[in-house]
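Residue-level structural notes
Next come the chains, spelled out residue by residue.
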4 protein chains.
Amino acid sequence: MSSWGSDIKISIFGESHGNGIGVVIDGLPAGEKLSFEEIYIQMARRAPGKDKTATPRLEKDLPRILSGILNDTTTGAPLCAVIDNTNTRSQDYGNVMSCPRPGHADYTGNIRYKGFNDIRGGGHFSGRLTAPLVFAGAVCEQILRHRGIRIAGHICSVGNIKDTRFDPVDIPDELIDRLNTASFGLIDQSKEEPMRNLIEKCRKELDSIGGTVECAITGMPAGAGSPMFDGIENIISSIVFGIPAVKGIEFGAGFSVSEMRGSENNDEFYYDGDMVRTRTNNHGGILGGISSGMPIIFRTAIKPTPSVARRQNTVDFVEHKDTVLEIHGRHDPCIVPRAVPVVEAAAAVAVINLLAQS
Amino acid sequence: MSSWGSDIKISIFGESHGNGIGVVIDGLPAGEKLSFEEIYIQMARRAPGKDKTATPRLEKDLPRILSGILNDTTTGAPLCAVIDNTNTRSQDYGNVMSCPRPGHADYTGNIRYKGFNDIRGGGHFSGRLTAPLVFAGAVCEQILRHRGIRIAGHICSVGNIKDTRFDPVDIPDELIDRLNTASFGLIDQSKEEPMRNLIEKCRKELDSIGGTVECAITGMPAGAGSPMFDGIENIISSIVFGIPAVKGIEFGAGFSVSEMRGSENNDEFYYDGDMVRTRTNNHGGILGGISSGMPIIFRTAIKPTPSVARRQNTVDFVEHKDTVLEIHGRHDPCIVPRAVPVVEAAAAVAVINLLAQS
Amino acid sequence: MSSWGSDIKISIFGESHGNGIGVVIDGLPAGEKLSFEEIYIQMARRAPGKDKTATPRLEKDLPRILSGILNDTTTGAPLCAVIDNTNTRSQDYGNVMSCPRPGHADYTGNIRYKGFNDIRGGGHFSGRLTAPLVFAGAVCEQILRHRGIRIAGHICSVGNIKDTRFDPVDIPDELIDRLNTASFGLIDQSKEEPMRNLIEKCRKELDSIGGTVECAITGMPAGAGSPMFDGIENIISSIVFGIPAVKGIEFGAGFSVSEMRGSENNDEFYYDGDMVRTRTNNHGGILGGISSGMPIIFRTAIKPTPSVARRQNTVDFVEHKDTVLEIHGRHDPCIVPRAVPVVEAAAAVAVINLLAQS
Amino acid sequence: MSSWGSDIKISIFGESHGNGIGVVIDGLPAGEKLSFEEIYIQMARRAPGKDKTATPRLEKDLPRILSGILNDTTTGAPLCAVIDNTNTRSQDYGNVMSCPRPGHADYTGNIRYKGFNDIRGGGHFSGRLTAPLVFAGAVCEQILRHRGIRIAGHICSVGNIKDTRFDPVDIPDELIDRLNTASFGLIDQSKEEPMRNLIEKCRKELDSIGGTVECAITGMPAGAGSPMFDGIENIISSIVFGIPAVKGIEFGAGFSVSEMRGSENNDEFYYDGDMVRTRTNNHGGILGGISSGMPIIFRTAIKPTPSVARRQNTVDFVEHKDTVLEIHGRHDPCIVPRAVPVVEAAAAVAVINLLAQS
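Here the structure is a predicted model, which is why all the values come from computation and not from measurement.

A word on the overall build of chain A
Each helix and strand in chain A was counted, giving eight helices and 18 strands. Radius of gyration (C-alpha) of chain A: 21 Å, near the 21 Å computed for a compact globule of 358 residues. When its C-alpha atoms are laid out on the principal axes, chain A stretches across 70 × 50 × 35 Å. For chain A, the share of sequence-separated contacts (at least 6 apart) that also reach a separation of at least 24 residues comes to 74%.

In structure tokens form, the structure reads like this:
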């Protein structure tokens, strides 16, 4: 299903080469004034074609609002935004039907939908479907900001080149402001050049490269989320894995807790004036599924773009034999920079639901 | 919420020192013959008190079936199993009310439930609540086995001592059979002694240690799961994070994809007779959220038990000041071995829902 | 499924002649002090055996609380209540297996559950399963009362004998108080004797009789509920049809609107001090699915008990032929009086969910 | 919420005078060939402007398909259909803001959405929002027909003029075929003239009139639906009350069961060849929430259009005083004929979900 959420639900639709893609957001509070300028900035951060790290396909990706907004303010009715599909070159994908691309959903989609799914450009599995998610996230992010909650992500790594991580107990608003408008979001901006060089190297070698995205949520009041299956980790992970290419997620100290002692991993409480805080934040702002008031921090693993221009072995459904495939067309050698606003968007939709439940 | 699932729903209830804990499983297919002997074996694998790596608290943990079963066969009505709480020593936890234990949900639970939650023994946040999950998983696992689907987990690491991982393209039934009854489940059994030594060392040092659990699902037909938010990763992660102490999850090659090239990460398809398979399995049996027919493999990070006997800094709610806490009572220095059947159980409940939706 | 609710979920389990029946209520607010005395009064109103209008089967039906309550106060964890089954005489139902009783779910249950459902005493379809619903409703009703919301039902008719209906714009608390403890709840108490006479007549004629229940909810703030599918009518009806024997529901003027003119049906607004009210209440307190602040009023049709002692034609599954059936055992000639607290309970569970969503 | 469904979900969006209205249908099976000609016929049955019984507002109401369809066949991806809003005359509704129209959702919508909802033309509460529901229903209806399930409705009554009801045990396909294309659907066509005369009389008297719609579902296999809260009555009623103006629903003999004896109401089983059937159908094809294989039959009460041209008393929010309102604009004196395809559509969406769950 391409629907998610309990109190605030999103329903994403569209296929890469169909008539349009978009999202319905149901359950938004009425009376929230939105800046569409800011929403379009978020969509531009995700959009391809900005520079050499991304595909040259040009998209406006500016959504038309069909409902739910009057005078730039939410009416409380479902908000529907539609992005028309234009500039599609279907012939680039002419051989996909018979030969599933390794690492793509071509094969599994074919089985799942008995061969009836629209495979042009990846169809409903296309990364282009993250555009409506970014739209929905940008709407939710503004509503959260009205309540003092901020969300920011950065490129935590590309290949083996690592950015500095968030200071888990102190994430200043200025950093969030800067990251929220960055197209190549880094904490340590000196890492941009080596990362871009690595990506360019992969492009020249007809290859691609993976990476990680780190995301932080600040201002979350203590006490949001529920134990067991409606915990913050459950809810964030259940939407974040909706982003194509995500293969892992970890909260707080994440996988490194597996090598830690309890005495080392436990975050001690202390009073900071009237507020209870922890001196470290290995728990990533979440204990027992519930927010502690410390920043919520998570990282996701993004796999390298499967569309590489090299020759690859695959099968031919029609001929029923093994074969060799060469993918043409326009592809990012690294989608990690563009994945940052998508991860933030997923977090925003998750958090607005968590707030509604508390 | 302590409820999970769409077609087959579980609703877990109970507090560590209340009258009983249990689970309602709603939506099970009728006519499934169950071996309760096998269910109890799974519960014994999770139960504490078997050896020095676990807490000495003795529990029978044998559930009474209130409904949903006639002649050892599912009737189709909701199955309710109750485990009575006995042998609780509440006085061990006498100072928890005022002083939240670092790394526990004491603080967040107190905020979330305004101080009304039952804190004795961790209340509803207790690891003991995984017993009904194991029960539910053992029921689902048998029903899945009737359909050719097998699930097995092992201790993938304790601290920095690592077990061999599953061969991602070939997981023999014999290995699954062995792991399914192991109380200290390892692929490379030579790792048991060093792991036990490390755990014992942590105990002596009044400390605890984390680890990882790897879980594999074989026999899953291609085409299960849905794109975007009802993908296999979404659904498995949304239940697995319901297990206390899990701080991360990764599928297939997981976080290591972030350092891989596309040419390296892509799993090439080939015909194995009439069946399409992949030669490698970095995708962990999942592409676009949908099963490929290859084994589904994931790993979870388990944090070290927060209950360590060392003195720790925390706050005192009542006195409204910083203070020092010493935790008494019975605690596992390492819960990873007991977490294995819990992770398998969560996977089983997830997979039976995935099947029902396909 | 025997689960219902979004923010506050109930999961009902049990079969008439199994080990026990009960309910898990998940999502209750913490810190609500409950009177279990009052809960038991509600359960007694539903329980059989009080007088000649009901079955002589004696049940304690007193639930044991397994979780979610400490010091008579909700902890916020799932509340599980179990009622043990005792005093069951399975031999009374010995011939049901092969011959489905007309008007019962024997036939449909057999098809749905492939013959594996527990048919003794109606199994999971038994009216006895309304006991845990009354428990859940009584819990919710007390929490609602803390917020100024009251719920009351009465026997609106038995056969063609009609009680006075609620005054739709003025339902005094004294009436609600009286109805809330009545075992044969009527607005016009002079109707008790003719109704009891009719019921007794049906018993003597080895027959049964239907009726209607009217239910009112007062104190509901304006603005609860949502348009389209999460409207108050949708939500109340989706739980009320979970009560066996309900075949219809109508809100406000209900089916009589079909013969009305718009000028007659429209309820005019006026200011009553600062409050907007309507002079009539044909809309039953609901416009566009949302509460208007006027009393919410609905009526349900209750079919006559299908278990009549007369000989009836049916089929024999085993012999695969038409046959004649004579039902023995203990049966109410009229379940309408006992249905009143069940309808109230369903309304209470619905309303607490509606409030949580607003 | 304007979202409904579990396995096949619909999410309806739009406001009467916004940019467009529409629906996303998520979870449809792939590979279903659809006739869009037939879908448009259903939409035309609902559309206004066909004759004097309906409003003169002219709408094309032809939806554009944005996704989910390739070569007139479902792809399995979410199907989104958008209907552009044109020909809106907002000035007709100029005085609604301050003075809520009696019988409309103006007042409750204002409270629910804090005055931010789009009130032009009824906004999201407009009957126009039933157009996307009819679209969704027409899609589901074709898929159901591929599986041998048929759905038909008729005008059961207008005011006190009654059509013949369905023969509850025998509903021929020819009747269904005729009703499925009728714009004024009746079983006894001789009732058209008196009904039209009554409607015209109401128009001349600046008034409106209510009625009932009866709907039948044939070909439903026995065993669909579940006990308690996922029964057929629960599921159908929870969507049908999403149709504006519906104030009651009854299944089978409905409210008349309240005056019946058990011996009279019970439907006796018999063998019709190998098939178990009932000689009567007071149960409306549903026992214990589960289909019996007999036709499923229900009736809904439709209130008279609240927009009547007569002067009515109401309040003025701005002036904070009682006032008198005169509604101008274009309004149906009777929406019952147009409600028929809407009720059928709701039934189709309900039934496709019921099938998916069985």
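What about helix H1 (residues 36-46) of chain D?
All names here are of chain D. Among the residues of H1, Ile39, Gln42, Met43, Arg45 and Arg46 are the ones counted as buried. Projected onto a plane normal to the axis of H1, the buried residues spread over an arc of 155° and lie on a single side. Contacts from the buried residues of H1 go to helix H3 (130-145) and helix H8 (336-357).

Some points on the sheet that holds strand E7 (residues 79-84) of chain B
What links the strands of a sheet is backbone hydrogen bonding, and the strands pair in either a parallel or an antiparallel sense. Residues and elements named next belong to chain B. If you trace the five strands from one edge of the open sheet to the other, you get E1-E2-E3-E7-E4, paired in antiparallel fashion. Both edges of this open sheet fall to strand E1 (3-4) and strand E4 (64-67), since each of them pairs with a single strand only. One ladder, built from six bridges, connects strand E3 (residues 20-26) with E7; its direction is antiparallel. The residue bridging Ile25 from the neighbouring strand is Leu79, located in E7. Docked against the sheet, helix H3 (residues 130-146) engages strand E2 (9-13), E3 and E7, running at close to 30° with respect to E3.

Things to note about the relation of the copies chain B and chain A
Superposing chain B onto chain A requires a rotation of 180° together with a translation of 0.0 Å along the rotation axis, leaving an RMSD of 0.0 Å. Such values leave the two copies arranged in the relation of a two-fold axis. A high fraction, 100%, of the interface residues of chain B reappear at the interface in chain A, so the copies pair face to face through one surface.

A few points about the sheet that holds strand E16 (residues 296-302) of chain B
Here we have ten strands laid out as an open sheet, ordered E9(A)-E8(A)-E10(A)-E16(A)-E11(A)-E11(B)-E16(B)-E10(B)-E8(B)-E9(B), and antiparallel in their pairing. Where the open sheet ends on each side, the last strands, each with one partner, are strand E9 (161-162) of chain A together with strand E9 (161-162) of chain B. Lying over the sheet, helix H6 (residues 232-240) of chain B contacts strand E11 (246-251) of chain A together with strand E11 (246-251) and E16 of chain B, oriented at roughly 160° with respect to E11(B).

Observations regarding the pairing of strand E17 (residues 311-316) of chain D
Note on strand geometry: in a regular strand, side chains alternate between the two faces of the sheet. Residue and element names in this part refer to chain D. One ladder, built from six bridges, connects E17 with strand E18 (residues 321-326); its direction is antiparallel. Paired with Asn313 across the bridge in E18 is Val324. Two successive antiparallel strands, E17 and E18, enclose a turn made up of four residues, where His320 displays a positive phi of approximately 55°.

Re the interface of chain B and chain A
Counting residues at the interface gives 87 residues for chain B, matched by 87 residues for chain A. When grouped by side-chain class, the residues that make up the side of chain B that touches chain A number 36 nonpolar, 37 polar and 14 charged.

Remarks on the relation of the copies chain B and chain C
Taken as rigid bodies, chain B and chain C are interconverted by a rotation of 180° and an axial shift of 0.0 Å, the fit giving an RMSD of 0.0 Å. The overlap is high: 100% of the interface residues of chain B also sit at the interface in chain C, so the same surface is used on both sides.

Thoughts on the interface of chain B and chain C
On the side of chain C, 40 residues touch chain B, which itself brings 40 residues to the contact. Secondary-structure elements contributing two or more residues to the side of chain B that touches chain C are E2, E3, E4, strand E6 (73-74) and E7 of chain B. In terms of residue count, E3(B) provides more of the side of chain B that touches chain C than any other element does, five residues in total. Here the residues of the side of chain B that touches chain C sort into 14 nonpolar, 19 polar and seven charged.

Side note on helix H8 (residues 336-357) of chain C
Over its 22 residues, H8(C) runs 31 Å from end to end, which matches the ideal 32 Å to within 8%, given 1.5 Å per residue. Of all 22 residues in H8(C), 20 are buried; the element is thus mostly enclosed.

Section: the environment of D:Asn85
Residue and element names in this part refer to chain D. Turning to its location among the elements, Asn85 is positioned in the loop between strand E7 (79-84) and helix H2 (106-112). With 20 C-beta atoms counted inside 10 Å, the residue Asn85 sits in the buried group. Counting along the chain gives 66 residues from Asn85 to Asn19, while the straight-line C-alpha distance between them is 5.6 Å. Sequence-distant contacts of Asn85, defined by excluding residues within four places in its chain, comprise His17, Gly18, Asn19, Gly20 and Ile21.

Things to note about the packing of H6(B) against helix H8 (residues 336-357) of chain B
Working note: a packed helix pair is described by the angle between its axes plus the distance between those axes. Residue and element names in this part refer to chain B. Remark: H6 packs on H8, axes separated minimally by 9 Å, with the N-to-C direction vectors making an angle of 140°. Between H6 and H8, the crossing angle belongs to the class labelled oblique. Read as a crossing pair, H6 and H8 show a hand that is right-handed. In contact with Ile232, Ile235, Ile236, Ile239 and Val240 of H6, H8 contributes Val343, Ala346, Ala347, Val349, Ala350, Asn353 and Leu354. Looking at the contact of H6 with H8 residue by residue, the class counts come to eleven nonpolar, one polar and no charged.

Let's talk about the confidence of the model for chain A
Per-residue pLDDT for chain A has a mean of 93; in total, 93% of the residues score no lower than 70. Across the interfaces of the predicted complex, the ipTM metric reaches 0.96, alongside a pTM of 0.96.

Structural notes on the packing of helix H1 (residues 36-46) of chain C against H8(C)
All names here are of chain C. It is the contact of H1 with H8, at a shortest axis distance of 7 Å, that shows an interaxial angle of 140°. Across from Gln42, Arg45 and Arg46 in H1, the residues of H8 making contact are Arg338, Pro341 and Val342. Considering only residue class, the contact of H1 with H8 consists of two nonpolar, one polar and three charged.

Details of the environment of C:Ile352
If you trace the backbone, C:Ile352 turns up in helix H8. C-beta crowding within 10 Å serves as the criterion here: with 25 such atoms nearby, C:Ile352 is assigned to the buried category.

Concerning the environment of A:Thr73
Tracing the backbone through its elements, the reader meets A:Thr73 in strand E6 (residues 73-74). In sequence terms A:Thr73 and A:Phe135 are 62 residues apart; their C-alpha atoms lie 15 Å from each other. Those residues in contact with A:Thr73 that lie beyond four places of it in its chain are A:Gly31, A:Glu32, A:Lys33 and D:Phe116.

Conventions and cut-offs
- Residues numbered from 1 in each chain as written.
- Chains lettered and ligands numbered in written order.
- Predicted model: local features only at pLDDT ≥ 70, side-chain atom pairs only at ≥ 80, totals over all residues.
- Helix = DSSP H or I, 4+ residues; strand = E, 2+ residues; numbered from the N terminus.
- Rg over C-alpha atoms; globule rule 2.2 N^0.38 Å.
- Contact = placed C-beta atoms within 7 Å.
- Buried ≥ 20, exposed ≤ 12 C-beta atoms within 10 Å, placed from the backbone.
- Arc of directions from axis to C-beta.
- Pairing = 2+ DSSP bridges.
- Axes fitted to C-alpha atoms, helices over the stretch in contact; angles between N-to-C directions.
- Least-squares fit on C-alpha atoms with pLDDT ≥ 70 in both.
- Nonpolar A, V, L, I, M, F, W, Y, C, P; charged D, E, K, R; others polar.
- Expected span 1.5 Å × (residues − 1).
- Parallel < 35°, antiparallel > 145°, perpendicular 65-115°, else oblique.
- Left-handed = near helix turned anticlockwise from the far one by under 90°.
- pLDDT = per-residue confidence, 0-100.

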